[in-house]
Amino acid sequence: MHLEDCQRRLTVPPPCVSPMTRCPASRRAPLCQCHNAAPLPLILMVVLSAAQTTLDAEVEFERDIAPLLVRRCLECHNETGDSGGLRLTSAAGLQAGGDSGSVIDAADPEQSSLLQRVLDGEMPPAKGDVAQRLPEAEIDLLRQWVLAESLWPEGRVLDPYERTTETRGGRDWWSLQPIVRPDVPVVVGKTSSENPVDAFIRAGLSESGWVPAPQADRRTLLRRLSYDLVGLPPTADEYVAFEQDQTADAYERRVDRLLASPQFGERWGRYWLDLVRYADTCGYERDQEKSGVWKYRDWVIQALNDDMPYDRFVQAQLAGDELPDRDESTVIATGFIRLGTWNDEPNDPQAYKYERLEDMVHATSTAFLGLTVKCARCHDHKFDPIPQADYYRMAGAFWAGFIEPRESKHLGGPSTEELGVDVFGWTDRGPEPPPLHLLKNGEPKHPGPIIEPGNLTAVSFLKTPVTPPPADVPTSRRRLQLAQWITDPRNPLTARVLVNRLWLHHFGEGLVRTPNNFGFNGDLPTHPELLDWLADELMHPHGQQPWTLKRLHKLIVMSDSYRQSSSHPQHDEYAAIDSANRLWWRAERRRLDADALRDSLLAASGRLDLRQRGPGFKPTISPEALEGLSRKTGAWKASPPEEQRRRSVYTYLQRSLLPPFLTVFDQKDTTLPCGQRDVTTVAPQALALLNNAFVQSQSRTLAARIVKESETAAERVTNTWQMILGRPPTETERAAAVDHLRSMANRFDGAAVKKPTADALAPDPQQQALASLCHVLLNTNEFLYVD
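No experiment lies behind these values; they were computed from the predicted model shown.

1. Some remarks on the overall build of the chain
Then, number 1: Tallying secondary structure elements over the chain gives 32 helices and 4 strands in all.
Then, number 2: Expressed as a percentage of the 787 residues in the chain, the buried residues total 54%.
Then, number 3: A sequence separation of at least 24 residues applies to 70% of the contacts in the chain between residues at least 6 apart.
Then, number 4: Here the chain has roughly 35200 Å² of accessible surface; of this, 53% comes from carbon and sulfur atoms.

This is the structure in structure tokens:
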């Protein structure tokens, strides 16, 4: 294995179809595990000797020629893209030749045009100004094969998607292989953990001779756990209780309490709403409200709180109206399908329905499968084994719905009468939808052959045909069959994609760091065996209900790998090699996301309202932010102040006017699925924390509360630290804060003398000074970041 790894570093290999350990310093380069292997000159001699032995041996079609043709030729010379009339997918195609005649000269094989064009460097053709001449070893293989009468096994048909090449993934790509539960590694050394997560992580560290970071202190751990599970900070009393509780199960009891909290579904529901492009309006010029769409948001939150099995969670959203136990809640779940933008007056209504279809396919394949199927609408996918027909096979599931243009009052969906309940949902027009044509180049005006509904051929071992519905069923049952294929335990993508999303939001990055792309252009997993173990554990737990998520959350947060510190004694040494922390040798320090930040500001001021469910609230937006709207009159009416104290997940999201305070802290755009928000550091964020009216209001509210509850400056300083940072100040901090209060009170008092007012409720300089101190602490890294 050491020699094989080094050979991969000395050549330009096709991407690994079975992911190996990756180099922590590089996204795609393999990590050579043979630090003590033979010297490079000796390795080169061995590699060259092995290559010569291959050339001297008899050429084998499957071993030598099939991979060469798939990798170098089939991109152009396949069944659908027969460049020059030549098809190199079968013996018949080779013998038939192309537009210029035969490519194999049986009388004089050495003069065959196939070989001559390769020798002349004409084939493969140059890409831009870069020649694509084959390596000499491959040319020699091709020459030997041609001279040996171009033997082709009977009945063998080559497929451009069967193998992974340097430029695209095949059906042998790692994420398309069956999930096989790996054995948990046995880690040699000192470790008290019996958590399988730790075994996989420490096995990787041990191979590099590294050790994990020490465990985080209890205070840091509680803050991390609380934000990860419920998105809110612990209170000062909770910090004290946890630090004083030295029982062996103190941490586990805290985990269980947070998992059972109603706020759990709100925190993790926000991640899902990002992924499914949730908003309360349609977008475009009029940006109409999607009446009742908030019920979908509430359904997601409740489903996560109830620990609904993930297979049921998926099936309800894709086909809740087709489930045998259909009820109002499952129809609400189908709102997922029509969460995207909707244009009530497109330039070409008949063309626009294909745009809507693309949105549905993209949201479904991205959220549940981690594949960019929409890229195959106009042509075969350039990087993944998804032919154009597969796009239309999946699209056929939604083609049966209300895609056709109709009255704008329906907002692109069924009416209440057609749906059967008064909710924002989806259903089919009937059991027999019209045929769907493949569109040449994706153009509606150039229909091609009719494509029957079906599933992705990339998962070659899971072929389940789509069957017509029973006679007494009012829908086509296509979406239900798609949902059942997605949640089939044999599907290699669904569980992998889901557990990677869980890992991402607990660790800051996924095991696959492109959570919405498990294809060729995505990242390879840092720990493929751990990913597969977690995926199998999700579907096949021992003695527990399959597909439930809370037990997987608990397994992850109970691990030592999750509980390690963000600081490491060997940080500089390890970071020089693995700056991206791909081996998970420490915890990641993370800034609060937009929702958690706003909720934390409300929690610190004591104003957070934990009421759940119901229509979203509209936050106050400055007049300056409304200037960009084309229809300013009545464009935005803020909700009453008491309604605006609710958690951020209940914010009314108008696509044409997302809340500026949230967007400056990287709240996602609602147009496309978002699996991971960007994290930027820009000047407007600091300015917003200093000057935003909402932040200043929380500072003033908290100051007024503290003034009522304490008298001396020292007491007020202590209470301020407890309420914002959850701890008492150090003596140095206390002294500096008291000085700050004195200085600012004098300044505010002086300002009042210069500008006297008759107002009996004029601001108290002491309270203004305390509000200033509160504002300072709300701008500290300790408040804004989680270690």
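2. Some thoughts on the environment of T730
Then, number 1: By the element assignment, T730 lies in the loop between helix 29 (713–725) and helix 30 (731–754).
Then, number 2: Between the alpha carbons of T730 and T718 there is a distance of 9.4 Å; along the sequence they are 12 residues apart.

3. Some remarks on the packing of helix 11 (residues 262–275) against helix 19 (residues 494–507)
Then, number 1: Two elements in contact, helix 11 and helix 19, have axes whose closest approach is 12 Å; the angle formed by their N-to-C orientations is 120°. Relative to helix 19, the element helix 11 lies oblique. By crossing handedness, the relation of helix 11 to helix 19 is classed as right-handed. Residue-level contacts link W268, Y271 and L275 of helix 11 to R501, L502, H505 and H506 of helix 19.
Then, number 2: Tallied by class, the residues present in the contact of helix 11 with helix 19 amount to 4 nonpolar, 2 polar and 1 charged.

4. Here's the deal with the confidence of the model for the chain
Then, number 1: When pLDDT is averaged along the chain, the result is 89; 90% of the residues meet or exceed 70.
Then, number 2: Confidence over residues 1–17 falls short of pLDDT 50; this stretch has 37 contacts with residues more than four positions distant or in other chains.

5. A few points about helix 13 (residues 310–319)
Then, number 1: Taken across its 10 residues, helix 13 has 8 buried, putting it largely inside the fold.
Then, number 2: Every buried residue of helix 13 is listed here: Y310, F313, V314, Q315, A316, Q317, L318 and A319.

6. Remarks on the nonpolar core
Then, number 1: In this structure, W272, Y296, Y310, F368, F398, W503 and L534 are the most contacted members of the largest nonpolar core, which totals 129 residues.
Then, number 2: Dropping the residues within four chain positions of it, Y310 is found in contact with W272, A367, F368, T494, L498, W547 and L549.
Then, number 3: L597, A688, L702 and C774 belong to the second-largest nonpolar core, a separate cluster that totals 37 residues.

7. Thoughts on unusual backbone geometry
Then, number 1: A cis amide bond links M123 to the next residue, P124, at an omega of -5°.
Then, number 2: Mapped onto the fold, P124 is located in the loop between helix 5 (113–119) and helix 6 (136–147).
Then, number 3: Notably, N441 is not glycine yet its phi reads approximately 60°, a positive angle.
Then, number 4: Its place among the elements puts N441 in the loop between strand 1 (437–439) and strand 2 (447–450).

8. What about helix 9 (residues 236–244)?
Then, number 1: Those residues of helix 9 not exposed but buried are A236, Y239 and F242. Buried residues of helix 9 fall within an arc of 135° about the axis and therefore sit on the same side. Exposed residues pointing more than 90 degrees away from the buried face of helix 9 are listed as D237 and Q244.
Then, number 2: Lining the buried residues of helix 9 we find helix 8 (218–230), helix 10 (250–259) and helix 29.

9. Overview of the pattern of salt bridges
Proximity of charged atoms lets side chains of opposite charge pair with each other.
Then, number 1: Using the criterion set out here, one finds 61 salt bridges in the structure.
Then, number 2: E252 is the salt-bridge partner of K554, the closest N and O atoms lying 2.9 Å from each other. Placement of K554 in helix 21 (residues 550–557) and of E252 in helix 10 is noted, with a sequence separation of 302 residues between them.
Then, number 3: Overall, K554 belongs to the partly exposed group, its relative accessible area being 23%.
Then, number 4: E252 gets classed as partly exposed once you look at its relative accessible area, which sits at 31%.
Then, number 5: Note that R297 and D298 form a salt bridge whose closest N and O atoms lie 2.6 Å from each other.

10. Comments concerning the side chain of R377
Then, number 1: By secondary structure assignment, the location of R377 is in the loop between helix 15 (349–369) and helix 16 (388–399).
Then, number 2: When its relative accessible area of 6% is taken as the criterion, R377 is described as buried.
Then, number 3: Among the polar contacts listed, one links the side chain of R377 to the side chain of E358, at a separation of 2.9 Å.
Then, number 4: Excluding its chain neighbours within four sequence positions, the residues that come into contact with R377 are Y354, E355, E358, Q388, Y391, Y392, L439, G442 and P444.

11. As for the packing of helix 10 against helix 21
Then, number 1: Closest axis-to-axis distance for the helix 10/helix 21 pair is 11 Å, and the angle between their directions is 145°. Both helix 10 and helix 21 take part in a crossing whose hand is right-handed. Contact residues: helix 10 offers Y251, E252, V255, D256 and L259, while helix 21 offers K550, H553, K554 and V557.
Then, number 2: A breakdown of the residues in the contact of helix 10 with helix 21 according to their chemical character gives 4 nonpolar, 1 polar and 4 charged.

12. Notes on the packing of aromatic side chains
Then, number 1: One pass over the structure, following the stated rule, counts 30 aromatic pairs.
Then, number 2: Relative to W299, the ring of Y296 has its centre 6.3 Å away and its plane inclined at 25°; by these criteria the two rings are stacked. Within this pair, Y296 and its partner W299 are both found in helix 12 (residues 294–305), separated by 3 residues, close to a single helical turn. Residue Y296 shares its accessibility class with W299, and that shared class is buried.
Then, number 3: Taken together, the ring pairs connect W272, Y278, Y296, W299, Y310, F313, F336, F368 and W547 into an aromatic cluster.
Then, number 4: Here R219 stacks its cationic end above the ring of Y239, 4.0 Å away from the centre of that ring.

Cut-offs and rules
Residues numbered from 1 in each chain as written. Predicted model: local features only at pLDDT ≥ 70, side-chain atom pairs only at ≥ 80, totals over all residues. Heavy atoms only, no water. Helix = DSSP H or I, 4+ residues; strand = E, 2+ residues; numbered from the N terminus. Buried < 20%, exposed > 50% of the residue type's maximum accessible area, 1.4 Å probe, protein only. Contact = heavy atoms within 4.5 Å. Areas by Shrake-Rupley, 256 points an atom, 1.4 Å probe, with all protein chains shown as cover. Axes fitted to C-alpha atoms, helices over the stretch in contact; angles between N-to-C directions. Parallel < 35°, antiparallel > 145°, perpendicular 65-115°, else oblique. Left-handed = near helix turned anticlockwise from the far one by under 90°. Nonpolar A, V, L, I, M, F, W, Y, C, P; charged D, E, K, R; others polar. pLDDT = per-residue confidence, 0-100. Core = buried A, V, L, I, M, F, W, Y, C linked by side-chain atoms within 4.5 Å. Arc of directions from axis to C-beta. Salt bridge = Lys/Arg side-chain N within 4 Å of Asp/Glu carboxyl O. Polar contact = N/O pair within 3.5 Å; in protein donor to acceptor, adjacent residues only side chain to side chain. Phe/Tyr/Trp six-rings, centres within 6.5 Å; stacked < 30°, edge-to-face > 60°. Lys NZ or Arg CZ within 6 Å of the ring centre and 35° of its normal.

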